[in-house]
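# Coordinate analysis (summary)
Single-letter residue listing:
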Amino acid sequence: MSLTSSTISRRRILRGAVVLGAGAIAGPALFASAAQAYNWGGTLQQGSTGGAVTELQIRVAGWAADSGNKAHVRVSIDGDFGPGTAAAVRRFQAAYGLSADAVAGPNTQAKLNALENSDGSTAHFNWSEFYDQVAHNFASGKVSESSAKENCRRTMYKLEALRKKLGDRAITVNSGFRSIAHNSQIGGASDSMHLYGHAADLDVPGVANSTVYRTAQTCGFSGLETYNTDHQHVDARADMGRDWWWQDGGI
Ligand code: ZN
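What you see is a predicted model; the values in this text were computed from it and never measured.

### Concerning the sheet that holds strand β4 (residues 199-203)
Strands in a sheet are paired, the pairing made by backbone hydrogen bonds, and the direction either parallel or antiparallel. On the basis of which strands lie adjacent, the open sheet formed by five strands has the order β3-β4-β6-β5-β7 and mixed pairing. Lying at the two open borders of the sheet, with one neighbouring strand each, are β3 (172-175) and β7 (245-246). Two elements, strand β5 (residues 223-228) and β7, share two bridges in a ladder whose sense is parallel. The residue bridging L224 from the neighbouring strand is W246, located in β7. Strands β3, β4 and β6 (231-235) of the sheet are contacted by helix α5 (residues 145-165), whose axis makes an angle of about 30° with β4. Running at roughly 175° to β5, helix α7 (residues 209-216) makes contact with β5, β6 and β7 of the sheet.

### Structural notes on the coordination of the zinc ion
For the zinc ion, the full set of protein donor atoms is H194 (NE2), D201 (OD) and H233 (ND1), at a range of 2.0 to 2.1 Å. Read in sequence order, the donor residues coordinating the zinc ion give the pattern H-x6-D-x31-H. Taken together, the positions of D201 in strand β4 and H233 in strand β6 put the pair 32 residues apart, joining distant regions of the chain. Residues D201 and H233 agree in their burial class; the two are buried.

### Looking at empty space enclosed by the protein
Taken as a whole, this structure holds two cavities of 30 Å³ or more when the rule is applied. Estimated volume of the largest cavity: approximately 60 Å³. For the largest cavity, the full set of lining residues is I58, A61, R74, V75, I77, R154, K158, G220 and D239. Its residues placed into classes, the lining of the largest cavity shows four nonpolar, one polar and four charged. When residues of the lining of the largest cavity are assigned to domains, at least three map to each of domain 1 (1-24 + 120-251) and domain 2 (36-115).

### Observations concerning the pairing of β6
Where a strand is regular, its side chains alternate between the two sheet faces. In terms of burial, β6 is largely enclosed, as four of its five residues are buried. Both β5 and β6 contribute to a ladder of five bridges, which runs antiparallel. For E225, the partnering residue across the bridge sits in β6 and is H233.

### Examining the layout of surface pockets
Estimated volume of the largest pocket: approximately 260 Å³. Listed by contribution, the elements that provide at least two residues to the lining of the largest pocket are β5 and β6.

### Thoughts on the pattern of salt bridges
Where side chains of opposite charge bring their charged atoms close, a pairing between them can arise. Under the defined criterion, the tally for this structure stands at 13 salt bridges. A cluster of three or more residues bridged by salt bridges with shared partners is formed by E55, R59, E116, E150, R153 and R154.

### Side note on the confidence of the model for the protein chain
Scored by pLDDT, the protein chain has a mean of 87; 84% of the residues are at 70 or more. In this model residues 1-32 is a low-confidence stretch, pLDDT under 50, and it forms 53 contacts with partners more than four residues away in sequence or in other chains.

### Quick notes on the packing of aromatic side chains
Considering all chains together, one arrives at eight aromatic pairs under this definition. The interplanar angle of 85° and the centroid separation of 6.4 Å between the aromatic rings of W63 and F92 together place this pair among those described as edge-to-face. Highlighted residues: W63 in the loop between α1 (51-60) and α2 (83-95) and F92 in helix α2, separated in sequence by 29 residues. Grouping residues by exposure puts W63 and F92 together as buried. Centre to centre, the rings of Y131 and F138 are 5.2 Å apart; their planes meet at 70°, and the pair counts as edge-to-face. In terms of burial, Y131 and F138 fall into one category: buried. A connected cluster of aromatic rings, assembled from ring pairs, spans W127, Y131, F138 and F177. Positioned over the ring face of Y96 is K164, at 4.4 Å from the centre of the ring. Between the NZ or CZ atom of K165 and the centre of the ring of W63, over which it lies, the distance is 4.8 Å.

Parameters at a glance
Residues numbered from 1 in each chain as written. Predicted model: local features only at pLDDT ≥ 70, side-chain atom pairs only at ≥ 80, totals over all residues. Heavy atoms only, no water. Pairing = 2+ DSSP bridges. Helix = DSSP H or I, 4+ residues; strand = E, 2+ residues; numbered from the N terminus. Contact = heavy atoms within 4.5 Å. Axes fitted to C-alpha atoms, helices over the stretch in contact; angles between N-to-C directions. Donors = N, O, S within 2.8 Å, 3.2 Å for Na, K, Ca; no water. Buried < 20%, exposed > 50% of the residue type's maximum accessible area, 1.4 Å probe, protein only. 1 Å grid on protein atoms, 1.4 Å probe; cavity = no way out; pocket = protein on both sides within 12 Å on 5 of 7 lines; lining within 4 Å. Points joined across faces, edges and corners; volume = space filled by probe spheres on them. Nonpolar A, V, L, I, M, F, W, Y, C, P; charged D, E, K, R; others polar. Domains from an automatic or database assignment. Salt bridge = Lys/Arg side-chain N within 4 Å of Asp/Glu carboxyl O. pLDDT = per-residue confidence, 0-100. Phe/Tyr/Trp six-rings, centres within 6.5 Å; stacked < 30°, edge-to-face > 60°. Lys NZ or Arg CZ within 6 Å of the ring centre and 35° of its normal.

If you want it as structure tokens, here you go:
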């Protein structure tokens, strides 16, 4: 967590670390594809650093907090396995029936890999759900296409946590990434987090929006707003260096 890394961190030699880039985007995947076997390069624990830690942080970022009452609770995606990352790993492990020791060894890594589809999306979300609804891709926003896709990937993992915490209730993403043109057309805010791939508008059938909202507060989302009964906006504005904003002021 700390940016002042004066300690000599245990460096991990990453063998064939996978970087998910702007590979070809497959068509809508109606069914979850096979799990991806990410090469974690060994056990990760407090003090570990590097690209695998970054990937771990992305995957456990939705387990940032136990409650929404603490200020500014999110996992820093900085490749430095500190106390905040450890706490998130512990919550992830407890939720998935693993030994909650904050050490990401083979069992935890296997569970994390089971959440990742072979195309880099997550078990319960598809790239197509996050596409701009007009152009059906991640282009022409306020960041590059590959950055927008990566930001959507990070949102997916937070939504996996939200889904799990809500009792494995299905979450529909009504709007993910938007191009500048489409966002303008529908009257979106001029600097909407949707333009960066950092936002999603959700419908969780059968779950009260207030419950979705409260639960989302524990999933590392730094922007939250409820528009109507089936439209909960979540975003990661703090990842852009912006101030947190929760509609209910509960930060
Ligand atoms: Zn929105």
